[in-house]
Amino acid sequence: MFQSKFFVPLDEHFDQMPNFTKWLDKAQKEAPKTLDEFVDLLRYYKENDMNGDGDTSDEVPMSITAGFLPYMFGPAFGLDLVSGFQADKDGNVTYAAADQENYKAYLTFLNGLYEEKLLEVEYSSLDRDQIIERISNDKTGVSFDFSWAMSMMFSNVLPYYDGTKATAFIGAAPLSGEYEGYYVGRVELGNMFGVNSSSSNIDMACRFLDYAMSDTCQVMYQWGIEGESYTEAADGTRSFTEQANDNDWLQQLGINPSFVFPAQQSVESTDVLVADWHAECNAWQKQFVKDPWPFVYSTEQESEVINTYMVDIQTYVDENANAFITGTKSLDEFDSYISGLKALKLSDVLAVKQGQYQRYLSALE
């Protein structure tokens, strides 16, 4: 997602690329839709005095944490590096970071950005606080984060933000390369709640969980108490009261406590808290979101395989990705990297994931 700063909707569980509108306007460019257009924009940001302070060397074209690189660029190479595993149209499961053609192309692209200093030397240690500081000083043009960052963390610290889209850090469409870009959604099952099998109150616990997910309870969870924290119009639309603008007071009602209660995210109750342009951008970006790898319960034997091998595999992938991107390891060694994955028993994990995916497809039927 691009803006001259990129992001994704909080309520929709996806990430996005935000672009800084002011910088795009100054460059007389539109938000890029392809990798080539994106690189051209970063080069322009790098070479020009985008913040108008008379110094052409203090701008950072793109500020992105290492963890968001797979979100931002993977899909353009046909890779879901966020989920890790993916299936083709015939249901064959593969591991994205073991794709000998597309993953190598992905790493080659990022290495190119790194060599041109369009991806900064210290990208692997960059954190969100540093990005926010840069934005507050008008020193970076592109980032990538969750949707809520658009107005709640990025736009609101810009020295000239006035609440309008024209002065904001807004979301954009995903980048496309050989493959059409998309944003990877998040697994709907964020947390699991259950009851001990030895409990004498399993029936009561299940009834409570059913109640917790009822419409009545979810409205209370998302909005609070009618007449006190929110009002409902004749057409069914809701809005928070003036008193509810006091977040300390609102939280005393127990609204949206993190991870302690079964709940669904509410687009409606989130949109009323953000700027109109932010809510509109969220709705527009939904068209670009694809479901991630499905959540499938593992058998005891499957868990043993995954837990035994995946930690080492992921560590190996992360370490090699950084080495290939920064050039400390030549991409000529990519075949050796693939051999290393095989030695870490990736095939055993893929066999488990293939079985789980077939079980998932059967359940849908």
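What you see is a predicted model; the values in this text were computed from it and never measured. (Residues numbered from 1 in each chain as written. Predicted model: local features only at pLDDT ≥ 70, side-chain atom pairs only at ≥ 80, totals over all residues. Heavy atoms only, no water.)

## Some words on the packing of helix H4 (residues 102-115) against helix H12 (residues 300-326)
Part 1 of the argument: For the pair H4 and H12, the least separation of the axes is 7 Å and the interaxial angle reads 50°. By the criterion of interaxial angle, the relationship of H4 to H12 is oblique. In this structure, H4 uses Tyr103, Leu107, Leu110, Asn111, Tyr114 and Glu115 to contact H12, whose residues at the interface are Val317, Ala321, Phe324, Ile325 and Thr326.
Part 2 of the argument: Each residue belonging to the contact of H4 with H12 can be placed in one class, and the counts come to eight nonpolar, two polar and one charged. (Axes fitted to C-alpha atoms, helices over the stretch in contact; angles between N-to-C directions. Helix = DSSP H or I, 4+ residues; strand = E, 2+ residues; numbered from the N terminus. Parallel < 35°, antiparallel > 145°, perpendicular 65-115°, else oblique. Contact = heavy atoms within 4.5 Å. Nonpolar A, V, L, I, M, F, W, Y, C, P; charged D, E, K, R; others polar.)

## Digging into helix H8 (residues 215-223)
Part 1 of the argument: Within H8, the full set of buried residues consists of Cys217, Gln218, Val219, Tyr221, Gln222 and Trp223.
Part 2 of the argument: Where the residues of H8 are buried, they touch helix H7 (202-212), strand E11 (230-232), strand E12 (238-240) and helix H10 (267-271).
Part 3 of the argument: Phi turns positive one or two residues past the end of H8, at Gly224, with a value near 100°. (Buried < 20%, exposed > 50% of the residue type's maximum accessible area, 1.4 Å probe, protein only.)

## What about the packing of H12 against helix H14 (residues 346-364)?
Between two packed helices, what matters for the description is the angle formed by their axes and the separation of those axes.
Part 1 of the argument: Contact geometry for H12 and H14: axes closest at 9 Å, N-to-C directions at 130°. One way to sum up the angle between H12 and H14 is to call them oblique. In this structure, H12 crosses over H14, and the sense of that crossing is left-handed. Seen from H12, the contacting residues are Glu302, Val305, Ile306, Tyr309, Met310 and Ile313; seen from H14, they are Leu346, Asp348, Val349, Val352, Lys353, Gln356 and Arg359. (Left-handed = near helix turned anticlockwise from the far one by under 90°.)

## Examining the nonpolar core
Part 1 of the argument: In this structure, Met62, Phe73, Tyr103, Tyr106, Leu113 and Tyr337 are the most contacted members of the largest nonpolar core, which totals 60 residues.
Part 2 of the argument: Of all the secondary-structure elements, those providing two or more residues to this core are helix H1 (21-27), helix H2 (35-47), helix H3 (69-73), strand E6 (93-95), H4, H12, helix H13 (334-343) and H14.
Part 3 of the argument: It is H12 that provides the largest number of residues to this core, a total of eight residues.
Part 4 of the argument: Among residues more than four places away in sequence, those in contact with Tyr337 are Ala97, Tyr103, Tyr316, Val317, Asn320 and Phe324. (Core = buried A, V, L, I, M, F, W, Y, C linked by side-chain atoms within 4.5 Å.)

## Brief notes about the pattern of salt bridges
Part 1 of the argument: Taken as a whole and assessed by the stated rule, the structure comprises nine salt bridges.
Part 2 of the argument: Of the charged contacts in the structure, one is a salt bridge between Arg43 and Asp40, with a shortest N-O distance of 3.5 Å. With a gap of three residues between them, Arg43 and Asp40 both fall in helix H2, about one helical turn apart.
Part 3 of the argument: Note that Glu232 is salt-bridged to Arg238, the shortest N-O span being 3.4 Å.
Part 4 of the argument: Here Glu232 falls in the partly exposed class, since its relative accessible area comes to 38%. (Salt bridge = Lys/Arg side-chain N within 4 Å of Asp/Glu carboxyl O.)

## Description of the environment of Lys33
Part 1 of the argument: By the element assignment, Lys33 lies in the loop between H1 and H2.
Part 2 of the argument: For the pair Lys33 and Glu226, spaced 193 residues apart in the sequence, the C-alpha separation amounts to 44 Å.
Part 3 of the argument: What Lys33 contacts, discounting residues up to four positions off in sequence, is Pro174, Leu175 and Ser176.

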